[in-house]
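Okay, here's what each chain looks like letter by letter:
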Amino acid sequence: MKVYFSHGKESGPWGTKIRFLADIAEEMGCQVESIDYSATQDPEARVALLKETLPADEPEIILVGSSMGGYVSLVAALEYDVKGVFLLAPAVYMPNYYQQDYPVNCAVSCVHGWQDEIIPVENVLRFAKAQSASLHLVPGDHRLNDSLDLIGPIFKQFLYSCLTDKI
């Protein structure tokens, strides 16, 4: 299983959340890759970069995205057969983003902070309901760095479910 991480608009490929989750994925035997999107803040250009990076013949893929990276992961999952998508404060239903519907055909788990000042919690509730996604609302702001102790076990269980096909 290979896990592809997509960072947010103003963060980098190996920020605090991604490094934390990548360590968990590696401990569980997954390969990890974190894509550097820092050359552009255009969400559609980032989607194109992820799609160029994903191998066409690898069915054992999990996408993990934070904020704009969540949007990027979801849009890529619309075209690629992935095992699952794990989202942290995903930028769903945001103005000026091209894709506004996300009917992915895989397991989806989402973690969002109640105090998120960037992505309204209502957007994520709407997304989770439409997708029948697992949703974990935690205390925290958009960065979610203060909630990593809660996010870690959620991510580990999601990976376990994908690895054992118990989704």
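Everything numeric here is computed off the predicted structure, so don't read it as measured data.

The rules behind each value
Residues numbered from 1 in each chain as written. Predicted model: local features only at pLDDT ≥ 70, side-chain atom pairs only at ≥ 80, totals over all residues. Heavy atoms only, no water. 1 Å grid on protein atoms, 1.4 Å probe; cavity = no way out; pocket = protein on both sides within 12 Å on 5 of 7 lines; lining within 4 Å. Points joined across faces, edges and corners; volume = space filled by probe spheres on them. Helix = DSSP H or I, 4+ residues; strand = E, 2+ residues; numbered from the N terminus. Nonpolar A, V, L, I, M, F, W, Y, C, P; charged D, E, K, R; others polar. Buried < 20%, exposed > 50% of the residue type's maximum accessible area, 1.4 Å probe, protein only. Pairing = 2+ DSSP bridges.

*Asks:* Which residues make up the layout of surface pockets, and what values do they have?
*Replies:* Of the voids in this model, the largest pocket is the one considered here, and its volume is about 480 Å³. Forming the walls of the largest pocket are 23 residues, and the residues nearest its centre are Gly8, Lys9, Glu10, Ser67 and His142. By residue number, the principal contributor to the lining of the largest pocket is helix H1 (residues 16–27), which donates three residues. Tallied by class, the residues present in the lining of the largest pocket amount to seven nonpolar, eleven polar and five charged. What the second largest pocket holds in volume is close to 190 Å³. Lining the second largest pocket are 14 residues, with Ala107, Val108, Ser109, Ser134 and Phe158 positioned closest to its centre. Among the elements of the structure, strand E5 (107–113), strand E6 (134–138) and helix H5 (148–163) are those that each provide at least two residues to the lining of the second largest pocket. At four residues, H5 tops the list of elements feeding residues into the lining of the second largest pocket. Each residue belonging to the lining of the second largest pocket can be placed in one class, and the counts come to seven nonpolar, seven polar and no charged.

*Asks:* Hey, could you go over the pairing of E5 for me, with residue numbers and the actual values?
*Replies:* Here E5 lies mainly inside the structure; seven of its seven residues are buried. Burial along E5 is two-sided: Ala107, Ser109, Val111 and Gly113 and Val108, Cys110 and His112, pointing in opposite directions, are all buried. Looking at chain direction, strand E4 (residues 84–88) and E5 are connected through five bridges and run parallel. Bridge assignment links Phe86 to a residue of E5, and that residue is Ser109. With five bridges connecting them, E5 and E6 associate as parallel partners. Bridge pairing in E6 places Ser109 opposite Ser134.

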